[in-house]
Amino acid sequence: MCRNFIWVFVAVLILGFGYGCSSTPQVKHEYTEWSEIWIARATDTERPRVLIVGDSIVSGYYPKVEKLLADKANCGKYATSKFLGDPDYLGELSLILKRYKIEVVHINNGLHGFGYTEKEYEEGLCGLLKTLKRDAPKAKVIWCMTTPMRKGGDLSQFKKSTDRVIERNRIAAEVMARNKIVINDLYEEVKDHPEYSAGDGVHYNAEGKAVQAKIVAGIIEKYLASDGK
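**Q** Even after reading the chapter, I still don't get the nonpolar core, so can you show me in this structure?
**A** Soluble globular proteins tend to pack their nonpolar side chains together in the buried interior. Ranked by size, the top nonpolar core spans 59 residues in total, and within it Tyr61, Tyr89, Ile107, Leu125, Trp143 and Ile220 carry the most contacts. With six residues, the top contributor of residues to this core is helix 7 (residues 206-225).

Right under this line is the structure:
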């Protein structure tokens with residue numbers, strides 16, 4: 001009886017801490033919550049399928065990414081306001097991963113869920129990786145660093161929020177390094193380009209969206225061509 005208990009305890013530790021996770025944070029809703037699921041060419045099973053996950057930043061550049069990859073892969077989008085540690089976020093993502101064979105998953109989440117601590121953010125990242133490993137074990141995963149918040153060319157007006165973005169990116173870098181996940185550092189690509197800003201502190205204008213789409217499509221295409229090696 002004691003031996004059985006020990007094995008159960010060890011199993012719980014492996015499942016709960018395999019990616020450094022210790023708990024699921026209590027859900028903290030935003031004033032408005034939304035989700036968008038878009039699967040292009042859902043009936044086509046011949047070409048590889050790519051899933052681009054994120055928030056409104058992803059919604060901004062996704063259409064251009066889909067066009068850039070149109071001859072190489074079928075694309076899908078899961079964009080949401082939900083925090084990545086929210087069970088509903090993981091449930092919606094899981095539904096897509098189970099329904100479609102996904103070759104590459106590109107994930108750009110980090111601007112939502114500021115009501116959660118950075119520790120909860122780390123635990124959310126770990127839960128996300130567990131979901132991906134369980135529901136899409138053969139998919140190649142690319143993590144995209146969260147972009148800064150700014151007012152025009154001035155990062156200081158949103159300094160507190162951008163400092164949190166920087167800290168979350170640092171945490172994400174450590175988690176992805178431990179799990180050998182490739183990183184697309186979109187933060188570094190856009191931080192010195194205020195001309196890309198839409199002026200609302202978060203989003204991007206047409207030029208900014210086009211630049212991000214080219215970067216995202218490029219790393220996905222490279223990963224497809226190299227078979228993730």
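Anyway, onward from the coordinates.
**Q** Quick question: what am I supposed to make of the sheet that holds strand 1 (residues 35-39) here?
**A** Sheet strands associate in pairs through backbone hydrogen bonding, adopting either a parallel or an antiparallel arrangement. Sheet architecture is open: six strands sit in the order 1-3-2-4-5-6, paired in mixed fashion. Taken across any chain shown, the strands that pair with only one partner, and hence form the sheet edges, are strand 1 and strand 6 (182-184). With direction set aside, neighbouring strand axes in the sheet form an average angle of 20 degrees. As paired strands, strand 1 and strand 3 (residues 74-80) are joined by five bridges and run antiparallel to one another. Considered in strand 3, the bridge of Glu36 is made with Ala79. Contacts from helix 7 reach strand 2 (49-54), strand 4 (104-108), strand 5 (140-144) and strand 6, with the element oriented near 150 degrees to strand 4.

**Q** Looking at this structure, how should I read the packing of helix 2 (residues 56-68) against helix 7?
**A** Packed helices, taken two at a time, are described by their axes: the angle between them and the distance between them. Packing of helix 2 against helix 7 brings their axes to within 8 Å, and their N-to-C directions diverge by 60 degrees. When the axes of helix 2 and helix 7 are compared, the pair comes out oblique. By crossing handedness, the relation of helix 2 to helix 7 is classed as right-handed. For the pair helix 2 and helix 7, contact is made by Ile57, Gly60, Tyr61, Lys64, Val65 and Leu68 and by Ala206, Lys209, Ala210, Gln212, Ala213, Lys214, Val216 and Ala217, respectively. Its residues placed into classes, the contact of helix 2 with helix 7 shows nine nonpolar, two polar and three charged.

**Q** Whenever I open this one, helix 7 confuses me. Can you help?
**A** Three or four residues apart is the spacing at which side chains of an α-helix point the same way, because the helix has 3.6 residues per turn. In a regular helix each residue adds 1.5 Å, so 20 residues correspond to 28 Å; helix 7 covers 28 Å between its end C-alpha atoms and thus fits that length. Among all positions in helix 7, only Gly208, Gln212, Ala213, Val216, Ala217, Ile219, Ile220 and Tyr223 are buried. The arc that holds the buried residues of helix 7, viewed along the axis, is 165 degrees, so those residues lie on one side. Those residues of helix 7 that are exposed and aimed more than 90 degrees away from the buried face are Ala206, Lys214, Lys222 and Ala225. The elements touched by buried residues of helix 7 are strand 2, helix 2, strand 4, strand 5, strand 6 and helix 6 (186-190). Of the residues that open helix 7, the one with a side-chain oxygen 3.2 Å from the backbone nitrogen of Glu207 is Asn205.

What counts, and at which threshold
Residues numbered from 1 in each chain as written. Predicted model: local features only at pLDDT ≥ 70, side-chain atom pairs only at ≥ 80, totals over all residues. Heavy atoms only, no water. Core = buried A, V, L, I, M, F, W, Y, C linked by side-chain atoms within 4.5 Å. Buried < 20%, exposed > 50% of the residue type's maximum accessible area, 1.4 Å probe, protein only. Helix = DSSP H or I, 4+ residues; strand = E, 2+ residues; numbered from the N terminus. Pairing = 2+ DSSP bridges. Axes fitted to C-alpha atoms, helices over the stretch in contact; angles between N-to-C directions. Contact = heavy atoms within 4.5 Å. Parallel < 35°, antiparallel > 145°, perpendicular 65-115°, else oblique. Left-handed = near helix turned anticlockwise from the far one by under 90°. Nonpolar A, V, L, I, M, F, W, Y, C, P; charged D, E, K, R; others polar. Expected span 1.5 Å × (residues − 1). Arc of directions from axis to C-beta. Polar contact = N/O pair within 3.5 Å; in protein donor to acceptor, adjacent residues only side chain to side chain.

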